[in-house]
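Structural characterization, general
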Amino acid sequence: MTHTRLLLIGTVATLLAAAPAVARADDGPSVPPGTEATATAPVDLDPNDPDLKLPEGATLAEPKVLDIKSVVEDQSGDERREDTNTNVTFALQAEVLFGKDSAKISAQARARISVIANEIKTQNATRIRVFGFTDNLGSSAHGDVLSRKRANAVHGILEQEMSDANITYEVRGYGEDYPIADNSTEEGRKKNRRVEISFPRGAN
């Protein structure tokens, strides 16, 4: 019996070692049960407790709840999702949405925006921000105008998808301001050419 168990364990270990590593994101939440984010402060601590072993003269800072951010980016880098305790942000690369130096949305981009619209509905969000950004190539004034046109275009698709009078939008074009990557490389500039859609998380 022991020999059979060892043989099975060895076989499973061999199969696991031989299987190619596949990175994937689960559809469900990745937060373990019982560790969901809450707005409550940590438990009270006695600053005079000798077990804390604070250096002489040291004091405890005020307790606070830190906002944890989860970032998932697809393999191509075309789309990124950020989740915090309070907000959800989708960032779509400009090349996925538009042609070069254009604010006309492609058919493929409409499908991606439709998926985001469904997530907004799931979160019951009624306040949505749509911000456009560019890299630092070309004039700053041109980037400001182009990023605003692109944000307006995405905003228009979201309105068509949801058609909800209770939703309010904040639409802005920031041009080359607020880069998220290094503008000295094309890879970095590609990340900076983006439209971000953000909205509050629901209470569900």
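Structure shown above.
Position numbers for residues start from 1 in each chain and track the written sequence from start to end. The predicted origin of the model limits local features to residues at a pLDDT of at least 70 and limits the giving and counting of side-chain atom pairs to 80 or more, whereas totals for whole chains, interfaces and linings rest on all residues. Think of the side-chain values as coming from all heavy atoms in the structure, minus any hydrogens and water.

1. A few points about the pattern of salt bridges
Let me state the cut-off plainly: Any carboxyl oxygen of Asp or Glu within 4 Å of a side-chain nitrogen of Lys or Arg constitutes a salt bridge here. Using a 1.4 Å probe on the protein chains alone, a residue whose accessible area is under 20% of its type maximum counts as buried, one over 50% counts as exposed, and one in between counts as partly exposed.
Tallied over the entire structure, the rule returns 13 salt bridges. Arg-193 is paired through a salt bridge with Glu-186; the nearest N and O atoms lie 2.7 Å apart. Given the relative accessible area of 14%, Arg-193 is considered buried. In the salt-bridge network here, residues are joined through shared partners; they are Glu-95, Asp-135, Glu-186, Arg-189 and Arg-193.

2. Quick look at a nonpolar patch on the surface
Formally: For patch detection, residues must exceed 30% relative accessible area and be free of salt bridges, and they are connected within 9 Å for like charges or within 5 Å for nonpolar side chains (Val, Leu, Ile, Met, Phe, Trp, Tyr). A 1.4 Å probe and the Shrake-Rupley method give the accessible areas. Residues count as covered only by the protein chains that appear here. Helix and strand definitions here come from DSSP, where helices need a minimum of 4 consecutive H or I residues and strands a minimum of 2 consecutive E residues; each element is numbered from the N-terminal end.
Together, Leu-45, Leu-52, Leu-54 and Leu-60 make up an exposed nonpolar region whose accessible area comes to about 320 Å². Structurally, Leu-54 can be placed in the loop between helix 1 (2-18) and strand 1 (70-73).

3. Side note on the packing of helix 3 (residues 107-122) against helix 4 (residues 140-162)
We count it as follows: Every angle, taken between N-to-C directions, lies between 0 and 180 degrees, and every axis is a line fitted to C-alpha atoms, over only the stretch in contact when it is a helix. Working rule for angles: under 35 degrees goes down as roughly parallel, over 145 as roughly antiparallel, 65 to 115 as roughly perpendicular, anything else as oblique. For a crossing to be left-handed, the near helix must be turned anticlockwise from the far one by less than a right angle; the clockwise case is right-handed. It only takes one pair of heavy atoms within 4.5 Å for two residues to be counted as in contact. Lys, Arg, Asp and Glu make up the charged group, whereas Ala, Val, Leu, Ile, Met, Phe, Trp, Tyr, Cys and Pro make up the nonpolar group; the residues left over, Gly among them, are polar.
Here helix 3 crosses helix 4 at 55°, and the two axes come no closer than 9 Å. As the angle between them shows, helix 3 and helix 4 are arranged oblique. With respect to the hand of their crossing, helix 3 and helix 4 are arranged in right-handed fashion. Residues Arg-110, Ile-113, Ser-114, Ala-117, Ile-120 and Lys-121 of helix 3 form the contact with helix 4, whose own contacting residues are Val-154, Ile-157, Leu-158, Gln-160, Glu-161 and Met-162. Residue composition of the contact of helix 3 with helix 4, grouped by class: seven nonpolar, two polar and three charged.

4. Quick notes on the layout of surface pockets
Condition: In this analysis the probe radius is 1.4 Å and the grid spacing 1 Å, with only protein atoms considered; a cavity is a set of points the probe fits into but cannot get out of, a pocket is an open set with protein on both sides within 12 Å along at least five of seven lines, and lining residues have an atom within 4 Å of a point. Grid points are joined across faces, edges and corners, and a volume is the space filled by probe spheres set on the points.
Empty space within the second largest pocket amounts to approximately 290 Å³. Along the walls of the second largest pocket sit 15 residues, with Lys-100, Asp-101, Asp-135, Leu-146 and Arg-193 positioned nearest its centre. At four residues, helix 4 tops the list of elements feeding residues into the lining of the second largest pocket.

5. Here's the deal with the environment of Val-96
Here Val-96 is to be found in helix 2 (residues 94-97). What makes Val-96 buried here is its relative accessible area of 9%. In this structure, the C-alpha to C-alpha distance between Val-96 and Asp-78, residues 18 residues apart in sequence, is 6.6 Å. Apart from the residues within four sequence positions on either side, Val-96 is in contact with Asp-78, Ser-106, Ala-109 and Arg-112.

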